[in-house]
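Geometric and topological summary
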Amino acid sequence: MYYSDVEKFVEVLYKQLNIQTPAELSISAIAQALNIEIIYAASVSMRIDNYIVLPNTSQQNIWQCFGHELCHYFFHEGDQRFMHSLFVDLQENQANHFAYHFCIPTFMLDQLHIENVYDILQHFPVEFSFALHRLEMYHNNHFSLYEKTPSYLTG
């Protein structure tokens, strides 16, 4: 299976942290290994230097926000308050995309027998809509590699 740059980055990161299975996913362990301090606040999430602020919400939402903020930690510089709105949108879209792959890594999905969204929910601490979208992403990537060109396109 072809892995995108984000999928490769996530796999290498988890393997460097000696995390191989969904049961080993832990905000505190990952934050400690990366020397990031976690702060919990009312309903916001953000990253400031080596601090990540996470909302006091459900464990699923916290995990998803953690994945989102880690993208900013790894790949983004600057203060969004002083950026053009289109650049802020770009960073936020990148962080959302990264979160899907961080929270539900492709290499782990490849190791599991995932047939539906409920299988993802059984293994990963994410919300239903997040799991459903990630499953669609996974299937689109998996099937696009093995699917032959439709006969109506080849004549």
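Above this text sits the structure in question.
Residues numbered from 1 in each chain as written. Predicted model: local features only at pLDDT ≥ 70, side-chain atom pairs only at ≥ 80, totals over all residues. Heavy atoms only, no water.

This part takes up the overall build of the protein. The number of helices and strands found in the protein is 8 helices and 3 strands. If you list the helices and strands of the protein from N to C, you get α-α-β-β-β-α-α-α-α-α-α. The buried share of the protein, reckoned over its 155 residues, is 38%. The contacts of the protein with a sequence gap of at least 6 include a subset with a gap of at least 24, amounting to 54%. For the protein, the computed accessible surface area is about 9,200 Å², with 53% contributed by carbon and sulfur atoms. (Helix = DSSP H or I, 4+ residues; strand = E, 2+ residues; numbered from the N terminus. Buried < 20%, exposed > 50% of the residue type's maximum accessible area, 1.4 Å probe, protein only. Contact = heavy atoms within 4.5 Å. Areas by Shrake-Rupley, 256 points an atom, 1.4 Å probe, with all protein chains shown as cover.)

Now for the pattern of salt bridges. All told, the structure shown has 1 salt bridge when counted by the stated rule. The residue glutamate 11 makes a salt bridge to lysine 15 at a minimum N-O spacing of 2.8 Å. Highlighted residues: glutamate 11 and lysine 15, both in helix α1 (residues 5–16), separated by 4 residues, approximately one helical turn. Of the residues examined, glutamate 11 reaches a relative accessible area of 19% and is grouped as buried. The class of lysine 15 is partly exposed, set by a relative accessible area of 40%. (Salt bridge = Lys/Arg side-chain N within 4 Å of Asp/Glu carboxyl O.)

Moving on: the packing of aromatic side chains. Considering all chains together, one arrives at 15 aromatic pairs under this definition. Relative to phenylalanine 74, the ring of phenylalanine 9 has its centre 5.1 Å away and its plane inclined at 70 degrees; by these criteria the two rings are edge-to-face. One end of the pair, phenylalanine 9, is in helix α1; the other, phenylalanine 74, is in helix α3 (residues 59–75), and 65 residues separate them in sequence. When its relative accessible area of 27% is taken as the criterion, phenylalanine 9 is described as partly exposed. Residue phenylalanine 74 is classed as partly exposed on the basis of its relative accessible area of 25%. A connected cluster of aromatic rings, assembled from ring pairs, spans Phe9, Tyr14, Trp63, Phe66, Tyr73, Phe74, Phe75, Phe98, Phe102 and Phe107. (Phe/Tyr/Trp six-rings, centres within 6.5 Å; stacked < 30°, edge-to-face > 60°.)

With 12 residues, α1 extends 16 Å between its outermost C-alpha atoms, agreeing within 8% with the 16 Å of an ideal straight helix rising 1.5 Å per residue. Buried residues of α1: Glu7, Val10, Glu11, Leu13 and Tyr14, and no others. Down the axis of α1, the sector holding all buried residues measures 165 degrees, keeping them to one side. Away from its buried face, by an angle of more than 90 degrees, α1 presents the exposed residues Asp5 and Gln16. Two residues or fewer past α1, asparagine 18 is found with a positive phi of approximately 60 degrees. (Expected span 1.5 Å × (residues − 1). Arc of directions from axis to C-beta.)

Where the residue is not glycine, phi is negative for most of them; where a peptide bond is considered, it is trans in most cases. With a phi angle near 60 degrees, asparagine 35 is a residue other than glycine that sits in the positive phi range. With respect to the helices, strands and loops of the structure, asparagine 35 is situated in the loop between α2 (27–34) and β1 (37–41). A relative accessible area of 57% places asparagine 35 in the exposed class.

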